[in-house]
Amino acid sequence: SVPAAILSALSAAARGGVLFKGGAALETLAAVDIFAFDKTGTLTTGRAEVTGIVAVDGNETDFLTALASVEAHSEHHIADALRREAARRELELHDVHDVKAIPSAGIVGRDAGGPVWVGNRRMAQMMGASLDHDDFQALQDSAETVVYLGREARVLGAVSVADTLRDTSANAFAALRESGVKTIAMMTGDRQPVALRIGEALGLKPDEIHADMLPEDKVRLVGEMARDRRIAFVGDGVNDAAALARADVGIAMGAAGSDVALQAADVALLSEDMERLAAAHRLARRTASIIR
Ligand code: ADP
Ligand code: MG
């Protein structure tokens, strides 16, 4: 049977919005001294805003319409930002079919103009498209996420989107370190300049910041770190599910996270407040010291 101390810790954690799937997860969390975090939607709010637009032919309206029409089929945070921008400008979106998401790259489909794609540098490379366009330089030099729209090897334009740090992420890191967590790392599918800006704002060292990661890269790195220590992975996306499952303790963002992430995780964070996570870790440690 489950010790009373664990039961009462589980219910105390639940009252704070941290749901453990069982007592074992709480006991394992007590032994965790590495925390790895996804960036977008986990350390940041995931509510991105469009900050720059470059349409190669100069027609912003047509460009944004085509872009948002493709993104209307995606659940990614970036897609939300583009849909909101299109709504703000009252653009009328058109039909896109045969849509397929390419994890950590973007999305492809077909509209009245033929095949169309939206995504990052990796996506452009897959399509044989070059991004060395003077018009894109300013966006690429920013420490923001850059998304391109193209038709096969032809790039039609780019937008930058910026997301904001959750106001509780920094305090959560400080609290975790205070309770003896040795390593905090960030693993993101986003590009290096964005990862460095967010990571450094949270006091991470460059070697603790991992960018351009595919879902399988996150799994591999979590596995390496788990070899001789216990690791928790915190994430929200479909692209985090495998890493959540691979970690000793997988922790999913409950309110805004994806169902796939929640299912793969051992713990759901129902609150947006990251300090609740640090509090749950402290509680797990205290409980473990009582029952031993
Ligand atoms: P993270 O690990 O930070 O949560 P993802 O792996 O979900 O990020 O995405 C990595 C990158 O893939 C994004 O920064 C973006 O460049 C690109 N991407 C993925 N899905 C889309 C999409 N629907 N639209 C545009 N870009 C996308
Ligand atoms: Mg994410």
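Residues numbered from 1 in each chain as written. Chains lettered and ligands numbered in written order. Predicted model: local features only at pLDDT ≥ 70, side-chain atom pairs only at ≥ 80, totals over all residues.

1. Some words on helix α5 (residues 77–88)
Going by this rule: Secondary structure is summarised from DSSP: a helix means a run of H or I of at least four residues, a strand means a run of E of at least two, and numbering begins at the N terminus for each. A helix is expected to reach a length of 1.5 Å times the quantity of its residues less one. With C-beta atoms placed from the backbone, a residue counts as buried when 20 or more other C-beta atoms lie within 10 Å of its own, as exposed when 12 or fewer do, and as partly exposed for counts between those limits. The contact criterion used is a C-beta to C-beta distance within 7 Å, with each C-beta placed from the backbone.
Along its 12 residues, α5 runs 17 Å from first to last C-alpha, staying within 8% of the 16 Å computed at 1.5 Å per residue. Of all the residues in α5, the buried ones are H77, I78, A79, A81, L82, E85 and A86. Of the surrounding elements, those touching the buried residues of α5 are α3 (39–43), β3 (49–55), α4 (60–71), β7 (145–151) and β8 (154–162). In the segment just after α5, E90 is the residue with positive phi, at about 55 degrees.

2. A word on the sheet that holds strand β1 (residues 18–20)
Just so we agree on the cut-off: We call two strands paired when DSSP finds no fewer than two bridges between them.
What the 7 strands build is an open sheet, ordered β1-β13-β12-β11-β2-β9-β10; its pairing is mixed. Of all the strands in the sheet, the pair left with one neighbour each is β1 and β10 (209–210). As defined by bridge partners, strand β2 (residues 32–38) adjoins strand β9 (residues 183–187) across 5 bridges and the pair is classed as parallel. Across the sheet, the residue bridging to A36 is A185, located in β9.

3. Looking at the domain arrangement of the protein
Note the following rule: Domain delimitation in this document rests on an assignment produced automatically or drawn from a domain database. Amino acids are sorted into nonpolar (Ala, Val, Leu, Ile, Met, Phe, Trp, Tyr, Cys and Pro), charged (Asp, Glu, Lys and Arg) and polar (every other residue, Gly among them).
When the domains of the protein are assigned, the result is domain 1 (4–45 + 164–291) and domain 2 (49–162). Contacts between domain 1 and domain 2 engage 11 residues on the former and 8 residues on the latter. Taken together, the elements giving at least two residues each to the side of domain 1 that touches domain 2 come down to α3 and α9 (192–201). Broken down by element, the side of domain 1 that touches domain 2 gets its largest block of residues, 3 residues, from α9. Here the side of domain 1 that touches domain 2 is built from residues that sort into 4 nonpolar, 4 polar and 3 charged.

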